[in-house]
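Next come the chains, spelled out residue by residue.
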There are 2 protein chains.
Amino acid sequence: MKDRLSILGEDWKKVEELIASSLASDIKLLDDLNASLLENSGKKLRPMLSLLMAKACGKVTPDSIKFAAASELLHNATLLHDDVADQSATRRGKPTVFSLLGGTASVLVGDFWLVRAMETILSAENERDEAIRLFSKTLNNLAEGEMLQLGKAESADTTEADYLRIIYNKTATLFESACITAAVSAGADEVLRQAAGDYAVNLGLAFQIKDDILDYNGSDIGKPVGVDIREHKITMPLLGAFVNAGAEKEAEVRARVAALDAGDADGAAEIIEFARENGGIEYAEKRLEDFRQLAVDALSPLAESEAKQCLIELAAYAAGRNK
Amino acid sequence: MKDRLSILGEDWKKVEELIASSLASDIKLLDDLNASLLENSGKKLRPMLSLLMAKACGKVTPDSIKFAAASELLHNATLLHDDVADQSATRRGKPTVFSLLGGTASVLVGDFWLVRAMETILSAENERDEAIRLFSKTLNNLAEGEMLQLGKAESADTTEADYLRIIYNKTATLFESACITAAVSAGADEVLRQAAGDYAVNLGLAFQIKDDILDYNGSDIGKPVGVDIREHKITMPLLGAFVNAGAEKEAEVRARVAALDAGDADGAAEIIEFARENGGIEYAEKRLEDFRQLAVDALSPLAESEAKQCLIELAAYAAGRNK
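Calculation rules
- Residues numbered from 1 in each chain as written.
- Chains lettered and ligands numbered in written order.
- Predicted model: local features only at pLDDT ≥ 70, side-chain atom pairs only at ≥ 80, totals over all residues.
- Heavy atoms only, no water.
- Phe/Tyr/Trp six-rings, centres within 6.5 Å; stacked < 30°, edge-to-face > 60°.
- Helix = DSSP H or I, 4+ residues; strand = E, 2+ residues; numbered from the N terminus.
- Buried < 20%, exposed > 50% of the residue type's maximum accessible area, 1.4 Å probe, protein only.
- Polar contact = N/O pair within 3.5 Å; in protein donor to acceptor, adjacent residues only side chain to side chain.
- Contact = heavy atoms within 4.5 Å.
- Buried area = accessible area lost by both parts, 1.4 Å probe.
- Salt bridge = Lys/Arg side-chain N within 4 Å of Asp/Glu carboxyl O.
- Nonpolar A, V, L, I, M, F, W, Y, C, P; charged D, E, K, R; others polar.

Visitor: An account of the packing of aromatic side chains is requested, with residue identities and associated values reported.
Guide: Aromatic ring pairs are reported here in terms of the distance separating the ring centres and the angle at which the planes meet. Residues and elements named next belong to chain B. Within this structure, the stated rule accounts for four aromatic pairs over all chains. Measuring from centroid to centroid gives 6.2 Å for Phe242 and Phe274, while their planes differ by 45°, and the two rings are tilted. With Phe242 in helix H12 (residues 236-245) and Phe274 in helix H14 (residues 265-277), this pair connects stretches of sequence that are 32 residues apart. Both residues of the pair, Phe242 and Phe274, belong to the buried class.

Visitor: Could you give an account of the side chain of Asn140 of chain A, naming the residues involved and the relevant values?
Guide: By secondary structure assignment, the location of Asn140 of chain A is in helix H8 (residues 128-155). Judged by its relative accessible area of 3%, Asn140 of chain A is buried. A distance of 2.8 Å separates the side chain of Asn140 of chain A from the side chain of Arg116 of chain B, its partner in a polar contact. With near-sequence residues (within four places) excluded, Asn140 of chain A lies in contact with Phe112, Val115, Arg116 and Glu119 of chain B.

Visitor: Help me get a handle on the interface of chain A and chain B, residues and values and all.
Guide: On the chain B side, the residues contacting the 40 residues of chain A number 40 residues. At the boundary of chain A with chain B, total buried surface from both sides reaches about 3,500 Å², with 69% on carbon and sulfur atoms. Run the count over chain A and chain B and you get six salt bridges. In this structure, Glu144 of chain A engages Arg116 of chain B in a salt bridge whose closest nitrogen and oxygen atoms are separated by 3.3 Å. Between chain A and chain B we count twelve residue pairs in polar contact (both at pLDDT 80 or more) in total. Listed by contribution, the elements that provide at least two residues to the side of chain A that touches chain B are helix H3 (28-39), helix H5 (62-86), helix H7 (103-122) and H8 of chain A. It is H8 of chain A that contributes the most residues to the side of chain A that touches chain B, 15 residues altogether. In the side of chain A that touches chain B, the residues fall into 22 nonpolar, seven polar and eleven charged.

Now the structure itself:
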């Protein structure tokens, strides 16, 4: 990641500074929480993507900085809400706001980040309406996606089309608004905006499929396996195994998923084993590779540049990572 | 309330229709939840206030309908988030989304209502920037207010100034944005906008002080007493008792509040008794009456009208209600 950041240089620093200053509050408890969240804020994939896209579309403008910062603020807002929803005790190895101060704080700090994201977008000089429309759509998609997933989890009847809609709504949609607003901020024409969006959506789908494969295969950072299936979330590896195993077996396994108790580690392990034995991982890796390739192909209207090369490498990284 | 609605006539119906149509989703689980939330959505004080203010400022325009609907969408979004924070099983006698489907659903349905509120504001024809600025500020205030309250609850050192800031942030701020955007939508000049804001802030403070008195006195609908003090929330009745009882007694009671266990009903009852015996209720009622009067006085720049009369009565209702 170091190289990508060195291409971005001062602009990256400006994004980090804007994220921090956007969160300023005279409420001490809130200010302290925000500082500790910023310290532990991970790799900042979305603003990195956003700045690289602006650069690849021609130039990083003051609005590019704002939209990039907003994408990270929005992402963290949704994580704070997810932590409440999932009752998560830790994130990236540190205690969550939820575990330190409870649900009230985590929901409301999330709302606070959300509002500051909106205000950051609204402070843009140009194309503010387009940016707010895109990010609003994303927030809408995130909420709808979780509700769709929740509804499907009850009946365990997720199809591949449902799954793709869910992961578009959960993950790809924020990549999409980050990249399109970046193109917009760079003054890109309609063709480049479309290219930026297509790249981002396909990258986001690949990224989430990889995440879902790691839930079957385990990761280098020791994330637990089988979390999804215990929540009755049917993802690409299991969908792939269904294709290979035939309709009768599929119906049987779906019924087992629907009846699975969240604490039933053995039951979850059996379903993971079924997916592995029936080529589910390979199927998912094939689909992942398809989306990675579509992401790279989508960039063809962009002129060659170092930033474009980084975007291509980012797609390879998203597909190849083991954490 | 019937009379106020008959003054608003068709416009009220338009607000209700816009609220419902703003929430449309093709995700069945979400659509079903929204329908049941709308059925149980209470007295809709904020959009009523908003439409009455627009009318009292001269006219109800298409934007008035939008801002009024947005105020109700925002209010319900915050209730959905509060239910998660407070782990509430029921609201207005019905099971909450939180109790039916858990924290994930309640946080995300809240986010969904929030986004649809934002989109409704953004669909306005005029003064969209001013409206989004006002409602964003409100969302910011709501989050900051809860965090301030949470911080103060730990140390039990809330002063009257802290308390007024908290209740402004928690309650009055949404009354304020609802009324100012209403004035804006009616084409009101700066003087009338200011009047609308002053009325709303004072009404909101009175409304919340009344709520806090009911937590000491009990209400006609059987809401439990002492909920606030068990959460270490020091409100106007206790602050009033401190003024009357002197510094030594105040320090002693504050220490007891700080040490109070959430399940300690007897300890809470003792503190409530202390507030009652030391004139805390009377003190709070006096402050409530001051704010009600300030609200009414603030309306003086508005021409006489049936709608203005309703706003005056609404202030009396907010101060006098027993539920």
